Amino acid sequence: MSVYDRLRDLNIELGDVAVPAASYLPYIRSGKLLFLSGHLAKRGGLVWAGQLGDKISMQEGTQAARAVAIDLISTLHHATGDLNKLEMIVKLTSMVNSTGGFDSQHLVTNGASDLLAEVFGDKGRHARSAFGVAQLPLGACVEIELIAQVA
């Protein structure tokens with residue numbers, strides 16, 4: 001089954017690549033590696049703002065990380081022209097805007113990791129880091145960057 005069939009089965013529509021809000025590129029390729037800049041969580045086209053452990057629940061945080069993964073897949077599609085060229089997701093780095101007492105950043109990030117595995121199968125399983133941070137650009141609750149290997 002192609003990646004596009006899986007996306008259709010999951011009712012996921014790919015969007016446009018987000019326009020950078022500062023001086024950087026949305027992605028860059030070096031050899032077979034594709035480095036995607038951090039993508040902020042969005043809901044309804046707007047930055048999904050808030051802090052885990054305060055106004056954002058664990059369930060919302062997981063949904064936000066999943067939303068970021070969809071945006072990352074959209075960027076991968078734009079960068080490769082064909083998601084079936086993906087050889088593997090190498091690594092995710094997830095930053096979760098959270099209070100000092102919140103310690104479940106790794107579980108929030110599962111929203112992205114689980115979706116990538118669902119869409120890409122074994123090629124979507126990856127190494128990962130998840131950090132709690134005091135603030136993210138525009139108050140976003142989650143930001144995730146990705147490294148992929150492509151054909």
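Right above here is the structure, for reference.
Residues numbered from 1 in each chain as written. Predicted model: local features only at pLDDT ≥ 70, side-chain atom pairs only at ≥ 80, totals over all residues. Heavy atoms only, no water.

## A closer look at the packing of helix 2 (residues 58-80) against helix 3 (residues 105-120)
To keep things clear, this is the line we draw: Here an angle of 0 to 180 degrees is reported between the N-to-C directions of two axes, which are lines fitted to C-alpha atoms, with helices fitted over the stretch in contact. Think of it this way: any DSSP run of H or I at least four residues long counts as a helix, any run of E at least two long counts as a strand, and we number them from the N terminus. Every angle not falling under 35 degrees, over 145, or within 65 to 115 is termed oblique; those three ranges are roughly parallel, roughly antiparallel and roughly perpendicular. Take the far helix as your reference; a near helix turned counterclockwise from it by less than a right angle gives a left-handed crossing, and one turned clockwise gives a right-handed crossing. Contact between two residues is taken to exist if any of their heavy atoms lie within 4.5 Å; hydrogens are not considered. Amino acids are sorted into nonpolar (Ala, Val, Leu, Ile, Met, Phe, Trp, Tyr, Cys and Pro), charged (Asp, Glu, Lys and Arg) and polar (every other residue, Gly among them).
Orientation of helix 2 relative to helix 3, taken along the N-to-C sense of each, is 40 degrees, at an axis distance of 7 Å. Relative to helix 3, the element helix 2 lies oblique. In this structure, helix 2 meets helix 3 at a crossing whose hand is right-handed. Judged by residue contacts, Met58, Gly61, Thr62, Ala65, Arg66, Ala69, Ile70, Ile73 and Leu76 of helix 2 engage Leu107, Val108, Thr109, Gly111, Ala112, Leu115, Leu116, Val119 and Phe120 from helix 3. The class makeup of the residues in the contact of helix 2 with helix 3 is 13 nonpolar, four polar and one charged.

## Quick word on a nonpolar patch on the surface
Here is the rule we go by: Within this analysis, patches are made of residues with over 30% relative accessible area and no salt bridge. Like charges are joined at 9 Å or less; nonpolar side chains (Val, Leu, Ile, Met, Phe, Trp, Tyr) at 5 Å or less. The Shrake-Rupley method, run with a 1.4 Å probe sphere, supplies the accessible areas, and residue values consider only the shown protein chains as cover. One side-chain nitrogen of Lys or Arg within 4 Å of one carboxyl oxygen of Asp or Glu is enough to make a salt bridge.
A surface patch of nonpolar side chains, about 340 Å² in accessible area, is lined by Leu25, Ile28, Leu33 and Phe35. For Leu33, the location among the structural elements is in strand 2 (residues 33-40).

## A short note on helix 3
What counts, and what does not: A helix is expected to span 1.5 Å multiplied by its residue count minus one. The reported bend at a residue is simply the angle between two axes, fitted to the 7 residues ending at it and to the 7 residues beginning with it. When a residue's accessible area, from a 1.4 Å probe over protein chains only, is under 20% of the maximum for its type it is buried; when over 50% it is exposed; and in between it is partly exposed.
With 16 residues, helix 3 extends 23 Å between its outermost C-alpha atoms, agreeing within 8% with the 22 Å of an ideal straight helix rising 1.5 Å per residue. Along its length, helix 3 shows its largest kink, about 35 degrees, at Gly111. For helix 3, the set of buried residues is Gln105, Val108, Thr109, Gly111, Ala112, Ser113, Leu115, Leu116, Ala117, Val119 and Phe120. Of the surrounding secondary structure, the elements contacted by the buried residues of helix 3 are helix 1 (3-9), helix 2, strand 5 (86-97), strand 6 (127-133) and strand 7 (142-150).

## Some words on the nonpolar core
Just so we agree on the cut-off: The set of buried Ala, Val, Leu, Ile, Met, Phe, Trp, Tyr and Cys residues whose side-chain atoms join them within 4.5 Å is what this entry labels a nonpolar core.
Residues Leu76, Phe120, Val142 and Leu146 are the most contacted members of the largest nonpolar core, which totals 35 residues. Elements with a minimum of two residues in this core: helix 1, strand 2, helix 2, strand 5, helix 3 and strand 7. Among all residues touching Leu76, those that are not within four sequence positions of it are Leu34, Leu36, Gly81, Leu83, Ile89, Phe120, Leu146 and Ala148.

## Description of unusual backbone geometry
With phi around 60 degrees, Asn11 is a residue other than glycine that occupies positive phi space. With respect to the element layout, Asn11 can be found in the loop between helix 1 and strand 1 (27-30). Under the relative-accessibility criterion, Asn11 is labelled exposed at 70%. Backbone geometry places Leu138, a non-glycine residue, at a positive phi of 60 degrees. Structurally, the position occupied by Leu138 is in the loop between strand 6 and strand 7.

## As for helix 2
With 23 residues, helix 2 extends 33 Å between its outermost C-alpha atoms, agreeing within 8% with the 33 Å of an ideal straight helix rising 1.5 Å per residue. Just beyond helix 2, the residue with positive phi is Gly81, at close to 80 degrees.

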